[in-house]
Amino acid sequence: MAKILMVVTGSAVWTLADGTAHPSGYWAEEVAAPYQAFAAAGHDVVVATPGGVVPTMDPASLAPELNGGQENADAIAAALDGITALRDPLALEDVRLDDYAAVFYPGGHGPMEDLAVNAASGDLLVSALASGKPLGIVCHGPAALLATARDGGDSPFAGRRVTAFTNAEETQSGFADRAPWLLQDRLVALGVDFQEGEPWAPFVVTDGNLHTGQNPASAAPLAAEMVKAVG
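Because the structure is a prediction, the values reported are computed rather than measured. (Residues numbered from 1 in each chain as written. Predicted model: local features only at pLDDT ≥ 70, side-chain atom pairs only at ≥ 80, totals over all residues. Heavy atoms only, no water.)

Novice: Would you mind going over the nonpolar core in detail, with residue names and values included?
Specialist: Grouped together as the largest cluster of nonpolar side chains are 39 residues, with contacts concentrated most on L5, V103, Y105, L124 and L187. The set of elements that each furnish at least two residues to this core consists of strand 1 (3–7), strand 4 (44–49), strand 6 (102–105), helix 4 (119–131), strand 7 (135–138) and helix 6 (183–190). With 4 residues, helix 4 is the largest single contributor of residues to this core. Setting aside chain neighbours within four positions, we find L124 in contact with L5, V7, L92, V95, L97, V103 and Y105. M6, I83, A102 and V138 belong to the second largest nonpolar core, which has 26 residues in total. (Core = buried A, V, L, I, M, F, W, Y, C linked by side-chain atoms within 4.5 Å. Buried < 20%, exposed > 50% of the residue type's maximum accessible area, 1.4 Å probe, protein only. Helix = DSSP H or I, 4+ residues; strand = E, 2+ residues; numbered from the N terminus. Contact = heavy atoms within 4.5 Å.)

Novice: So what about helix 6? Which residues, and what values?
Specialist: The set of residues buried in helix 6 consists of L183, Q184, L187 and L190. With its buried residues spanning 120 degrees around the axis, helix 6 presents them on a single face. Looking at the packing, one finds that the buried side of helix 6 touches helix 3 (110–113), helix 5 (167–172) and strand 9 (193–194). Backbone geometry just after helix 6 places G191 at a positive phi near 110 degrees. (Arc of directions from axis to C-beta.)

Novice: Which residues make up the environment of T56, and what are the values?
Specialist: Here T56 lies in the loop between strand 4 and helix 2 (70–81). Classification of T56 by relative accessible area gives partly exposed; the value is 29%. Sequence-distant contacts of T56, defined by excluding residues within four places in its chain, comprise A12, S24, G25 and Y26.

These figures capture arrangement, not role.
Here it is, written out as structure tokens:
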């Protein structure tokens with residue numbers, strides 16, 4: 001059994017361009033599906049958040065129309081209820097990478113609020129990439145990569161093939177005109193080699209020990225890649 005660290009946003013809001021605090025947090029499927037895959041493979045999943053706050057689920061992420069119907073939404077909700085680690089997370093600032101075999105970041109708009117500017121998260125990502133341990137990040141989770149460029153220097157993720165929630169998907173979700181910035185644009189500016197699949201379809205990119213997924217539908221396929229990489 002290996003220990004996998006799941007780094008979850010601690011923010012319950014996403015501040016829009018007009019200053020509105022939009023209810024947000026982590027995206028339900030992007031936590032539930034990977035957790036189930038890791039647990040089914042016999043691994044122990046530890047959750048960490050900035051400051052050790054209990055994370056908030058984005059209320060929109062259990063909408064039936066976004067989950068293939070009420071039955072699927074209920075199944076995801078039930079899976080989340082069974083994740084006791086979500087109710088007692090570690091403080092991200094106290095995490096030691098040496099204690100884990102892999103690191104995984106789910107998305108939701110919450111990471112754009114806190115992990116994008118969190119120094120402890122940035123340090124963890126840099127160390128995880130350098131360690132060769134499997135590092136998985138999905139949807140808006142790659143916003144955390146923005147904190148890996150320090151003091152005006154280059155990010156070690158520059159040049160790496162990465163996918164994330166695209167401008168097309170943000171536009172179709174109705175937030176592109178309201179967002180303070182678009183994730184795809186910021187990642188391109190960071191220097192990553194941004195890869196883009198069809199909107200809303202599963203799309204996973206692997207570059208060395210870095211595994212990224214484009215959207216919620218990519219969470220389960222990305223977790224399967226992580227399970228194979230952990231062994």
